[in-house]
Amino acid sequence: MRGLFLAVFALLIVAGDSGRYAPQLIANALSVLQLPQVNDDLVGVAKTPNDETSSLSHSPASQTTEALALLWLASKQGSEAAQSALLMQFEKAQEEQFAPQTGIEESTATYYLEKLVNLENADAAWLLYQILGEEGASQRFMRLAALGDVAEAQLAFAMSTESPEKREKWLIRAASQDYLPAQAALADWYLLHGQQALAKPLLAATATLDMQSAFKYARLLWDEGEYSKAKEHFKFAAKKGHLQAKKALEATGLYTPFSESQAIKLADSFNWESKADCLQRIQPFATSLATIMRAHSLYQSFENDERLKGLSICLAPPIWLKADVLRCNPDFNNTGVLGCNITPLASIAKKRKFSHAVVVEEQGKANVQNGVMYLDISDAYSVFVHELAHFAGFADEYPIGKGMAKRMCDENDISDFSPPNLIVDSEFWYAPYATVNNWLDIDPATIIARAKTCTVLGKNSYKPSRRITFMEHHDSGVIPPLYLVLWQQQLERQNVQRPISMNFFQAFHNSGNQKEAAHWLAEYEAFTGSKG
């Protein structure tokens, strides 16, 4: 507050000079501040202290305060040079965090900056916003700076508004000034709204300066088929330390997008027999650069997962299909979950002989439909493991939907599902009783604990562990030893599984292709050892 008091006092002292010629006031102030002249208007004006400056206090801090007052008097007269000189002092003081040697306290700076704001000085508004911080500053300061074409303020103002129209407007204004952060932010905005054509020139402008922009630009180029140019930008981003760019280079070095006919020819190249006990043969598929990167990451994580080494599950390297091979939708057939028309995979399955498939798409809710798992690029490896257990018939241990609960949580109907990790109350004990007996046969010390599966119906359900397992929270990472034993048992009971052949049978039957439907029904019966 002492600085503010001195500033006001200095104004009172020099108020008599308010009618002086503005360049002279500036020259007098600069001679004390030892600043160079900031405008050609000052040329020829004496810089030797005259009566005004000689009357100033000999204290350096006081001289600085009184010099600022002189600059303000000139600013009031409309001198842009005086306003620039004031701003120069305050910017320097801010950079030095208003250290005592600057002779300017924060309160003094904010006092004069607010006065400059009242003169509609946009740069002063932006500096004041920076000094006071987001909580202490007024939105008016930021908006005024934005209106004054301060690119930094325009970007900050754009990001502070909840209005999509205003955000885009101010991003465009800031980006038009060749302000790199604004161009990158506007490109992100366009990408978020699916306007790749508008994002591309912005990313092209920033790709050689910013690794994130380089990566995004490379993604666009790849999607447009400019593979060699895309790889150049991936390499640039990777050298700058961009992790996803490194993964993109790895994926594009290992995989190539194939048409359906090319994928059929590729299908013979993988030998399941090289892996022991492949009771589930799982083939991942991807349909874009982003999804092949995710599919490859899942494949690597599975291969390195020591927890699952004892299970008779074989996972093949992913196949990268061209975008037009599969027709997928985040709300497939109005189900609210991710799904695809998987019939194009049937010819590949005939060659490669996989029993289950994983399809990785850009977006959608993860789920398992018979022998097909659907994931999107945001799904972690823990989600994959959770869904993998569904392939073997495990039930969710979090509250399930009402429709499924009516069947799963009924003491009679649950036997149709026979989940290895779930039982419900029955009139005399638990159901299915065979499941309980199996738990106790494996480990007589098994603790039967409440599960949340049937909560929606207000019914009790139980699991063989007190812990929160990966079937309740996939990211907990907890797979109790008993669950691994149950998992292997399920793999060996192929009649309780639903391989992809059932999915193919249903798809071809519904489309009227009874010849293919009959083929896949026979495949299903051979896999499960069932008839009809």
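Below you will find a few notes about this structure.

Quick notes on the rules
- Residues numbered from 1 in each chain as written.
- Predicted model: local features only at pLDDT ≥ 70, side-chain atom pairs only at ≥ 80, totals over all residues.
- Heavy atoms only, no water.
- Disulfide = S-S within 2.5 Å.
- Helix = DSSP H or I, 4+ residues; strand = E, 2+ residues; numbered from the N terminus.
- Buried < 20%, exposed > 50% of the residue type's maximum accessible area, 1.4 Å probe, protein only.
- Pairing = 2+ DSSP bridges.
- Polar contact = N/O pair within 3.5 Å; in protein donor to acceptor, adjacent residues only side chain to side chain.
- Core = buried A, V, L, I, M, F, W, Y, C linked by side-chain atoms within 4.5 Å.
- Contact = heavy atoms within 4.5 Å.

### So, the state of the cysteines
The tally for this structure, following the rule as stated, stands at 3 disulfides. One disulfide in the model links cysteine 278 with cysteine 314; its S-S distance is 1.9 Å. Torsion about the S-S bond of the cysteine 278 and cysteine 314 cystine: about -80 degrees, corresponding to left-handed handedness. One end of the pair, cysteine 278, is in the loop between helix H16 (260-266) and strand S1 (280-286); the other, cysteine 314, is in strand S2 (residues 313-315), and 36 residues separate them in sequence. By relative accessible area, cysteine 278 is classed as buried at 16%. With relative accessibility at 3%, the residue cysteine 314 sits in the buried group. The disulfide that involves cysteine 328 links it to cysteine 340, with 1.9 Å between the sulfurs. In this structure the cystine formed by cysteine 328 and cysteine 340 twists about its S-S bond by roughly 105 degrees; its chirality is therefore right-handed. Remark: cysteine 340 occurs in strand S5 (residues 339-341) and cysteine 328 occurs in strand S4 (residues 327-329); sequence separation between them is 12 residues. In this structure cysteine 328 comes out as partly exposed when scored by relative accessible area, which is 22%.

### Description of the pairing of strand S6 (residues 356-361)
With 6 of 6 residues buried, S6 lies mostly within the body of the structure. The pairing of S1 with S6 spans 5 bridges and is classified as parallel. By the bridge assignment, phenylalanine 285 is partnered in S6 with valine 359. With 5 bridges connecting them, S6 and strand S8 (residues 372-376) associate as parallel partners. Each bridged residue has a counterpart across the sheet, and for glutamate 361 the counterpart in S8 is aspartate 376.

### Details of the side chain of asparagine 367
One can find asparagine 367 in strand S7 (residues 367-369). Within polar-contact distance, the side chain of asparagine 367 engages the backbone oxygen of lysine 365 at 2.9 Å.

### Some points on the nonpolar core
Grouped together as the largest cluster of nonpolar side chains are 72 residues, with contacts concentrated most on Phe234, Leu308, Phe384, Leu388 and Trp487. Each residue touching tryptophan 487, except ones within four places of it in the same chain, is listed here: Leu308, Leu311, Ile313, Val385, Leu388, Ala389, Ala392, Phe394 and Phe470.

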